[in-house]
Amino acid sequence: MAAGKGTRLKSKYPKVLHEVGGKPLLAHVIAAATAIVPPKDVYAIIGHEADLVRKAVEQTGINFVLQAEQRGTGHALMVAHDALASYDQVLVLSGDAPLITPETIQRLSDFHFSQKAAMTLLSAELSDPAGYGRVLRKGPKSNEVKAIVEEKSTNPAQKKIREINSGFYAFAVKPLYARIGDLTTENAHHEYYLTDMANVFNRAKAKVIALKTANPAEILGSNTRAEMMEIDALMRMAKCRQIMAAGASIFFPQTCVIDAEVEVGTDTIIEPFVQLLGRTRIGSGCRIRSYSVILNSEIGDGATVRPGSILDDARVGAGAIIGPYSHLRPGSEIGEGAHVGNFVETKNIKLGKGSKANHLTYLGDAEIGAGVNVGAGTITCNYDGVHKHKTEIGDNVFVGSDSTLVAPIKIGNGAYVAAASCITEDVPEGALALGRARQTTKEGWAKAKREALASTKK
Ligand code: UD1
Ligand code: CA
């Protein structure tokens, strides 16, 4: 069920697309579902901003059911009739409860089958049950459920019940659709509550049971932003634990933000306040220093990312050193053992093995060979106001500081570019290129000037 608006979030985006652990709520629930049934048997009921929701998750290969008007969780299942009628059993998951695990869904399904129930709900014992529907069992030791009472309809005694409805269910499809028409909207929200099926089935003498989960944290829903951030923190910490269990160290893991799909090799050290996002892969024996933000990038074994670096869709070779304060933009490929230093920005470049660009430089749309030294303040002028042009630099080139290389341009192997040159013509292999005014020195000029000024002082 993923059709709701999420009114309590006060957002223009649908609730199930809000992100925790680096991906939308719904994507987590779909991942749990497709771990136990094939995508072709998974249906997302969508409604509010349906197109956005569909686009965000359609690559999972699941199906969609449109609930154009959202008239409650019971109504969501009414709308899904045609999609589900040919199945024997259906598992119903809440699109806003992303911590659910495949194991728990499987246990719910197995229990439902073994008890031959019409409806089985997953429940949990919470220390603070506020906001959730309460489970009324037929007796203290009974598996059977009399009713589910929504928070708004509870009397004071029911409010004290700490066993809550998780919003995860298993239903036998035939009895569900034989009786779902008995639901009414006579309640605080004027909606069709799926939870009222407990009542409906009891009146029909069909079996309704509850399975209490051993891990209540798994069923937490995210109705408010505060709840969502609690779930995010739990997921981030679980991810850090997984990375540490696999052999990497994370200092002060509670300060790091690491997305679900990130991989980190053994003996890598991650310092406080690091973000590793998207499909980032970090090799073994690396050190990722504080305040670095790395998105969709690959870092080779033994590389160092010094503090405050930003990497976006970049590849960094083994043993390379990046930062502090480097900005590697999309398409940056930094060779083995290369250095990219302070305040260096790169975009769509190849920097060869062992080459260095250590200070205050912009390298864009460039192919740079091995063993090259790019002096401080070098700029590739890659943009003429309309088009982007390429700079090609051979192996073992020395580019003096403060040079501007006006692309398209080629600098041959082993060439030298004198400091502060503006290079507009290709430089052949082994040559020296100077592109600057010749120095003139006027002996005694400054001294004479100072003396002349002093004589005018009163
Ligand atoms: C629901 C349960 C409550 C349970 C809680 C667990 C009902 C009436 N109540 O309450 O007993 O304790 O979940 O988290 O079911 N949705 C639709 N179409 C709709 C309405 C909702 O698809 O017309 C979807 C929402 O997008 C959401 C899910 O169903 O993913 C649950 O809806 P929500 O409004 O969050 O229900 P709760 O108030 O949390
Ligand atoms: Ca909810």
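Figured I'd write up the structure that's included with this text.

Quick notes on the rules
Residues numbered from 1 in each chain as written. Chains lettered and ligands numbered in written order. Predicted model: local features only at pLDDT ≥ 70, side-chain atom pairs only at ≥ 80, totals over all residues. Heavy atoms only, no water. Helix = DSSP H or I, 4+ residues; strand = E, 2+ residues; numbered from the N terminus. Rg over C-alpha atoms; globule rule 2.2 N^0.38 Å. Buried < 20%, exposed > 50% of the residue type's maximum accessible area, 1.4 Å probe, protein only. Areas by Shrake-Rupley, 256 points an atom, 1.4 Å probe, with all protein chains shown as cover. Lys, Arg positive; Asp, Glu negative; His and termini not counted. Charge placed at Lys NZ, Arg CZ, Asp CG, Glu CD. Donors = N, O, S within 2.8 Å, 3.2 Å for Na, K, Ca; no water. Salt bridge = Lys/Arg side-chain N within 4 Å of Asp/Glu carboxyl O. Pairing = 2+ DSSP bridges. Right-handed = clockwise from strand over helix to strand, strands pointing away. Phe/Tyr/Trp six-rings, centres within 6.5 Å; stacked < 30°, edge-to-face > 60°.

**Brief notes about the overall build of the protein chain**
Piece 1. Of the regular secondary structure elements, the protein chain holds 10 helices and 36 strands.
Piece 2. The C-alpha radius of gyration computed for the protein chain amounts to 32 Å, which surpasses the reference 23 Å derived for 458 residues by more than 25%, pointing to a less compact arrangement than a globule.
Piece 3. In the protein chain, which comprises 458 residues, the share counted as buried stands at 47%.
Piece 4. Total accessible area on the protein chain stands at roughly 22600 Å², and carbon and sulfur atoms take up 52% of it.
Piece 5. Across the protein chain, the 53 positively charged side chains and the 48 negatively charged ones have centroids separated by 5 Å.

**Examining the coordination of the calcium ion (ligand 2)**
Piece 1. Looking at the metal site, the calcium ion (ligand 2) is ligated by D96 (OD) and N223 (OD1), spaced 2.3 to 2.5 Å from it. Note that D96 is positioned in the loop between β5 (89–92) and α5 (102–115) and N223 in the loop between β10 (208–212) and α9 (225–245), a separation of 127 residues in sequence.
Piece 2. On the basis of relative accessibility, which here comes to 14%, the residue D96 falls in the buried class.
Piece 3. What makes N223 buried here is its relative accessible area of 16%.

**Remarks on the pattern of salt bridges**
Piece 1. Going through the model one piece at a time under the given rule, you end up with 18 salt bridges.
Piece 2. Of the charged contacts in the structure, one is a salt bridge between E271 and R289, with a shortest N-O distance of 2.9 Å. Pair noted here: E271 is in the loop between β14 (269–270) and β15 (275–277) and R289 is in the loop between β17 (287–288) and β18 (293–295), with a separation of 18 residues, a long-range link.
Piece 3. For E271, a relative accessible area of 6% translates into the label buried.
Piece 4. Residue R289 is classed as partly exposed on the basis of its relative accessible area, which comes to 32%.
Piece 5. Three or more residues joined by partner-sharing salt bridges are found here, namely D232, R236 and D259.

**Notes on the pairing of strand β4 (residues 63–66)**
Piece 1. Sheet topology note: the strand β3 (residues 43–46)/β4 ladder contains 4 bridges and is parallel. Counted as the bridge partner of I46 is L66 from β4.
Piece 2. Remark: the β3/helix α2 (residues 50–57)/β4 crossover connection has right-handed handedness.

**Some words on the packing of aromatic side chains**
Piece 1. One pass over the structure, following the stated rule, counts 5 aromatic pairs.
Piece 2. On the basis of an interplanar angle of 5 degrees and a centroid distance of 5.4 Å, the ring pair of Y325 and F343 is categorised as stacked. A residue pair is termed long-range when its members are at least 10 positions apart, and Y325 in the loop between β23 (321–322) and β24 (327–328) and F343 in strand β26 (residues 339–351) qualify at 18 residues.
Piece 3. Its relative accessible area of 46% is what places Y325 among the partly exposed residues.

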